[in-house]
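Geometric and topological summary
One-letter residues, chain by chain:
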Amino acid sequence: MTKRKQIIHHELIRLTNTLRDKFTTDLTKVLGFDANTIGHNLGIARNSVSKELNQLTLDGLVLKIKSRPVYFLDKKSYEELIQRQLTVNVYDESTQYQLLPKVAEPIIDPFSQLIGYDRSLKTAVEKGRAAVLYPDGLHVLLTGDSGVGKTYFAELMHQLREQQNKQPVPFIYFNCAEYYNNQELLSSHLFGHKQGAFTGASYNKVGLIEQANGGLLLLDEVHRLSNESQEKLFLIIDKGEFHPLGSSDKPIKVNIRLICATTENIQSSLLRTFLRRIQVYITLPSIEQRSLEERAELIFHFILLESRKIKRSIAIDKIALIYLLSKPLKGNIGQLKSDIQFLCAQGWAADLNQLSSTLLLDKRFIEEPCAPTPEVTTLINALFKNDAQIEISTTDKLQLKNTLSLLSAKEDSDLFYTFITQEYVNLRNSHVSPQETLSILKKKLRNIFDYGINQKNSGHSQYLHSEQLEKRISSLTEYIEEILGFVLQDHLKSLLHKHFLTLLAYIQKGLIPNLYSSNLILDHCKDEYENAVLVCKRIEAIFYIQCPSTEIVYWCLFLKECRLNRLKKSAPDNYKVIFIAHGDTTATSMANYVNRILEYQLITPINMPFEQSVHDTLAILIEKIKQYECQQLILIVDTGSLVHFGNVIHQLFNINVLLLHNITLSALLDFSLDITYAAKDFAEIINLIQDKNIDYKLCDQVDDDHEQVLMISCITGMGTAVKIKNVIEESFKELLINTRILIVDYNDIRSPERLRNILNTQERVVGIIGTFQPELPDIPFISLEELFSEQGPELVISLLKPHMSENERRLIIEKSTMKFIGALTLESIINQISVLNPQRILREMEDLYQYICQKLDLHPSKQVTLRFLIHCCCMVERIVISRKPLQMAIDNQTIHSNYAISVIKEAFLPIEKSYTIRLSDAEFLYIYELLYS
């Protein structure tokens, strides 16, 4: 046999033996290897490999399957695999079934029910299976954090034991923590006792050990056993016998295997003499250590269980799945299951009145939305495709599992090609133009690449490849280090290893899209183009392949990022970057992600929860700037009235502020990388963002372009609003330059669209004063009770002149407070009632108010009392004058107490009779909301 033929035959033997793990009895076609695969592994031309394989077939050493492509198997290895001899060496598609193993009754491995049994839990499952299948079994110690599934793992070991014995086997569970304060009682439960063994032992008791005879005893939280109790187990482990408490008879013989479980450090919590008697140690990983695909599979599994429980389909949208995939879980799988049950309970309660066929889990029930990582985004896109949600009960479980398994298989591949091929296919299927496709890919590519290159935990592939292939990869890695001029870190070498394997696999399958364009190379990487071409030529020479043009993009990125990572990174001294965004954690999540990529703290985040006012957010920003004492500021905001913070900060601190708004995570990362490496001062940064068409504004002078508008809206009617307007104009006359006070109907401020219709082009709303807060979180709001409080004047000044210095603010407050409070006393407003007797109506309302509070057991604050009396007095006068109560559509979904409404109606009967008026249902509802808000 020639040397080349011998090398090819040895490679085919190796590949055939790899089928042992993949070989099952339910195969529908023969698994084999084509000449192209063998040639790729050995670096030999395909036609040469094909020639030698055909000769080996004639020699009777190789099996040949005539299909497309033609497959080959080593005959001797394959005969051992199917456990029978073959008389024919050549098969076609119609006769290849003769090569398949004989179909036997399938035996389902209990561990196959365990999500991740063939991935993250593979080692644990192999140990557990070995412990059970070994003659008479072995004792096992399970370790891992709370909630990782130790009890369930033990149950699967029990199922395998029953399957092996082909009959029921005892399985006893005992939690050692239940009696750890009373070791005598604990021993009684485990070993049993004789009558009279201790005080209260009035009868003989069979212990759990004897009950578990012939089976398994699970001792959960075994670290709770005292040293003495651990020593009592020695006799069972060593000799299979024990004494019940109080027994002097011969020891009782038992045949049990212990499964001990603990969350603690076994070296410090268990005796060494106990540990050395346990033959098998199994550690179960936390959910954070498991793959994203496994976590998704767990989520769908638990949702499916809930679907069966409530007998309804359950659908989940992208935001809810991102939340479950991204949320930290200290309680591991147990906490994930509880979180999903709670989400389903919330969905059930919200849908109680409608009872649709599908229960929807969506953003309504998410406390803190999470910014997805690129890995999560890739997984979400693969699962949802173009759908808005996934309906679990109608989803083919096998299809979903296959999708996740396919994605999991890519886990060990290169993120660059995984992303670029998948994203390209998605864009092509969406009929996006080639130019726009390049633009979108370029924006997303930076995020994906930076995420991949900064993954420190990257490890080499768990699969072994031929020695020749590994040598070629090492040679290429050394060549790249020569070009860079320094040795690569281990995680970067691992990244290259994955990239080369993925490149070869994708070329072989023809999966790389032909989309190269010089526009796809990011601006800051273009100086690496010549080096990238050299690397591609070396790859072609070593692997005998034609490099795709897309590979140049990869090497431009890789080489540049390796050089940049060598630079010492530090925050700039001449300016600070602050990012403000709406939401409880939006700013923090985005800033932390970018800072992690940069490996230093460039961006300071400020979150703006829904309940936090614009005033409070501005106050936090001002405090941050005082701490930093910076000369220049880059202020990044998402939207809304936050865009006016730039001018406020400039006027307060006399510093230049570069304001960026409507920025995405991708744009934020891109901008941060650019100012870290490409631009250092404001002039360079402004030139850079102009080139990228980013919305910005340089706040370096007082902005008088916009006229301010202060809105007043009271549901009591225009009369009260006019009176408040007069009070503000009288009290803060000098602050109202370039400010228009506008009285508007409450309905007009309930939506941004209506609000824009009543404003002029150059006007912006500085705030709203009114009865109830509209759902416009970007516009500061002062309620009537706040207006009537001691802080009222300062709140109004904050709206009108937020950029005032502390000294200026103090002077204005001292000047305006007395005038303001005097004008806003209850008597001042009531005395302005023009038709009714103010003293009489006030007295009637006070009596009515006391009656309502007594009947409904209410104890309102002074502010609520004041607001109620003003509202009701003005309301009665308004109806008396216009003879028309408030008319407004009532939301049928508004939750209120029918009893409370009836009490309010009853209290107002004398008023309606006395003034010959009739209040509408809308009036009563507003009074109810006023009392209970």
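Numbers given to residues run from 1 along each chain, matching the order in which its sequence is written. It should be noted that, the model being predicted, local features are given only for residues of pLDDT at least 70 and side-chain atom pairs only at 80 or more, the latter also being counted only at that level, while totals for whole chains, interfaces and linings use all residues. Calculated side-chain values reflect all of the structure's heavy atoms, with hydrogen atoms and water omitted.

The name given to the protein in an unreviewed UniProt entry is Transcriptional regulator, with Gilliamella apicola as the source organism.

Labels follow the DSSP assignment, with helices taken as runs of H or I lasting at least four residues and strands as runs of E lasting at least two, numbered in each case from the N terminus. Summing up its helical and strand segments, the protein has 38 helices and 24 strands in all. Note on classification: 1.4 Å probe, protein chains only; a residue is buried when its accessible area is under 20% of the maximum for its type, exposed when over 50%, partly exposed between these limits. Out of the 933 residues belonging to the protein, those deemed buried represent 51%. Contacts were defined at the residue level, with two residues in contact if any of their heavy atoms lie within 4.5 Å. Across the protein, the fraction of contacts at a sequence separation of at least 24, relative to all contacts at a separation of at least 6, is 74%. Exposure was quantified through the Shrake-Rupley algorithm and a 1.4 Å probe, taking into account, for residues, occlusion by the shown protein chains and nothing else. Summed over its atoms, the accessible surface of the protein is roughly 46,500 Å², and 49% of this surface lies on carbon and sulfur atoms.

Let us look at the sheet that holds strand β15 (residues 389–391). Hydrogen bonds along the backbone pair up the strands of a sheet, which may run parallel or antiparallel. Spatially, the 3 strands line up as an open sheet ordered β14-β13-β15, and their pairing is mixed. Bordering the open sheet on either side are β14 (358–361) and β15, each of which pairs with just one other strand. Going from strand to strand, the sheet's axes swing by 25° on average, the running direction of each strand aside. Docked against the sheet, helix α14 (residues 318–326) engages β13 (313–317) and β14, running at close to 80° with respect to β13. Fitted lines through C-alpha atoms serve as axes, helices being fitted only where they are in contact, and the angles separating the N-to-C directions of these axes extend from 0 to 180 degrees. This element, helix α15 (residues 332–350), spans β13 and β14 of the sheet and lies at about 120° to β14. Strands were regarded as paired on the criterion that DSSP finds at least two bridges between them.

This part takes up the pattern of salt bridges. We define a salt bridge as a side-chain nitrogen of Lys or Arg found within 4 Å of a carboxyl oxygen belonging to Asp or Glu. Within the structure shown, the criterion is met by 21 salt bridges. E294 is the partner of R290 in a salt bridge, and the nearest nitrogen-oxygen pair spans 2.8 Å. Taken individually, R290 and E294 each receive the classification buried, so the pair is uniform in this respect. For the salt bridge of D527 with K560, the shortest nitrogen-to-oxygen distance reads 3.0 Å. With a gap of 33 residues between them, D527 in the loop between α21 (490–509) and α22 (529–543) and K560 in helix α23 (residues 550–566) connect regions that are remote in the sequence.

Time to look at the confidence of the model for the protein. Caution applies to low-pLDDT regions: their predicted coordinates should not be interpreted in detail. When pLDDT is averaged across the protein, the result is 79; 80% of the residues are at 70 or more. Here helix α17 (residues 397–409) stands out as the least confident element of the protein, with mean pLDDT 53; strand β11 (residues 257–262) is the most confident, with 95. Ignoring residues within four places in sequence, the model shows residues 451–464, a span with pLDDT below 50, making 36 contacts including any to other chains. Confidence of the prediction at every residue is given by pLDDT, a number between 0 and 100.

Moving on, we get to the packing of aromatic side chains. For any two aromatic rings, the description comes down to two numbers: the centre-to-centre distance and the angle of the planes. Centres within 6.5 Å are what make two rings of Phe, Tyr or Trp a pair, Trp counting through its six-membered ring; a difference in plane orientation under 30 degrees is then read as stacked, over 60 as edge-to-face, and the rest as tilted. Scanning the model with the defined rule gives 11 aromatic pairs in all. Measuring from centroid to centroid gives 4.7 Å for Y849 and F868, while their planes differ by 40°, and the two rings are tilted. Highlighted residues: Y849 in helix α35 (residues 838–856) and F868 in helix α36 (residues 862–882), separated in sequence by 19 residues. Owing to a relative accessible area of 1%, F868 belongs among the buried residues under this scheme. Note on F908 and F924: the rings are 6.2 Å apart at their centroids and 70° apart in plane angle, and the pair reads as edge-to-face.

Take the pairing of strand β16 (residues 576–582) next. For β16, the buried fraction is high: 6 of the 7 residues fall into the buried class. Note: β16 against strand β18 (residues 632–637), 5 bridges, orientation parallel. The residue of β18 that forms the bridge with I580 is V637. Bridge analysis of β16 against strand β17 (residues 603–608) gives 6 bridges, and the strand direction is parallel. Each bridged residue has a counterpart across the sheet, and for H582 the counterpart in β17 is M608.

This brings us to helix α37 (residues 898–915). With 18 residues, α37 extends 25 Å between its outermost C-alpha atoms, agreeing within 8% with the 26 Å of an ideal straight helix rising 1.5 Å per residue. Here the bend at each residue means the angle between axes fitted to two seven-residue stretches, the one ending at that residue and the one beginning there. The sharpest bend along α37 comes to roughly 35°, located at F908, with the proline P910 sitting one to four residues further on. Of the residues making up α37, those classed as buried are A900, I901, V903, I904, A907, F908, I911, E912 and Y915. Where α37 ends, the next residue or the one after it, T916, has phi of about 50°, a positive value. A helix's residues, less one, multiplied by 1.5 Å, set its expected span.

The next point concerns a negative patch on the surface. A cluster of acidic side chains, namely E367, E368, D584 and E611, defines a negative patch on the protein surface. Inspection of the secondary structure assignment puts E367 in the loop between β14 and α16 (374–384). Patch membership needs two things, relative accessible area over 30% and no salt bridge, and members are linked within 9 Å if like-charged or within 5 Å if nonpolar (Val, Leu, Ile, Met, Phe, Trp, Tyr). Charge counting follows a simple rule: Lys and Arg are positive, Asp and Glu are negative, and His as well as the terminal groups are ignored. Where a charge lies is defined by one atom per residue type: Lys uses NZ, Arg uses CZ, Asp uses CG and Glu uses CD.

This brings us to helix α20 (residues 467–484). Helix length check: α20, at 18 residues, gives a terminal C-alpha distance of 26 Å against a target of 26 Å (1.5 Å per residue), a fit within 8%. Among the residues trailing α20, G485 stands out with phi positive, at a value near 90°.

The next thing to look at is the environment of L736. Relative to the helices and strands, L736 is located in the loop between α29 (718–731) and β22 (739–743). Taking the C-alpha atoms as reference points, L736 and I797, separated by 61 residues in sequence, lie 10.0 Å from one another. Discounting chain neighbours no more than four positions away, the residues touching L736 are I728, E729, I741 and L800.

Looking now at the nonpolar core. Core analysis: the largest hydrophobic core is formed by 51 residues, its most contacted members being M711, M845, I852, F868, V876, F908 and I927. Breaking this core down by element, the ones donating at least two residues are β21 (707–713), β23 (763–770), α35, α36, α37 and α38 (921–932). In terms of residues, this core owes the most to one element, α36, which gives 9 residues. If near-sequence neighbours (up to four positions away) are discounted, M845 is found in contact with F868, L869, C872, C873, V876, F908 and I911. Side-chain atoms within 4.5 Å link the members of a nonpolar core, which is a set of buried Ala, Val, Leu, Ile, Met, Phe, Trp, Tyr and Cys residues.

A separate point is empty space enclosed by the protein. For cavity detection a 1 Å grid was placed over the protein atoms alone, and a set of points counts as a cavity when a 1.4 Å probe fits there but cannot get out; an open set counts as a pocket when protein lies on both sides within 12 Å along at least five of seven lines, with lining residues being those that have an atom within 4 Å of a point. Grid points are joined across faces, edges and corners, and a volume is the space filled by probe spheres set on the points. Enumeration over the complete set of coordinates arrives at 6 cavities of 30 Å³ or more. Roughly 180 Å³ of volume is contained in the largest cavity. Around the largest cavity, the lining is made up of 15 residues, and of these V614, R764, V766, P780 and P802 lie nearest the centre. Looking at the lining of the largest cavity, the elements with two or more residues in it are α25 (614–628), α26 (645–653), β23 and α32 (792–800). Looking at the lining of the largest cavity residue by residue, the class counts come to 9 nonpolar, 5 polar and 1 charged. Gly is placed with the polar residues, together with every amino acid not listed as nonpolar (Ala, Val, Leu, Ile, Met, Phe, Trp, Tyr, Cys and Pro) or charged (Asp, Glu, Lys and Arg).

Quick look at unusual backbone geometry now. One non-glycine residue with positive phi stands out, namely D136, at about 70°. You can see D136 is positioned in the loop between α5 (122–133) and β4 (140–143). The backbone of T916 shows a phi angle near 50°, a positive value even though the residue is not glycine. Checked against the element boundaries, T916 lands in the loop between α37 and α38. Take T916: its relative accessible area is 56%, and that puts it in the exposed class.

With their axes 11 Å apart at the nearest point, helix α13 (residues 292–310) and α16 run at an angle of 50° to one another. The angle between α13 and α16 falls in the class oblique. The handedness of the crossing between α13 and α16 comes out as right-handed. Taken together, the residues of α16 that come into contact with α13 (itself represented by L292, E293, A296 and F300) are E375, V376, L379 and L383. When its residues are assigned to classes, the contact of α13 with α16 shows 6 nonpolar, no polar and 2 charged. Angle categories are assigned with fixed cut-offs, so that under 35 degrees is roughly parallel, over 145 is roughly antiparallel, 65 to 115 is roughly perpendicular, and the rest are oblique. Left-handed is the label given to a crossing in which the near helix is rotated counterclockwise from the far helix by less than a right angle, and right-handed is the label when the rotation is clockwise.

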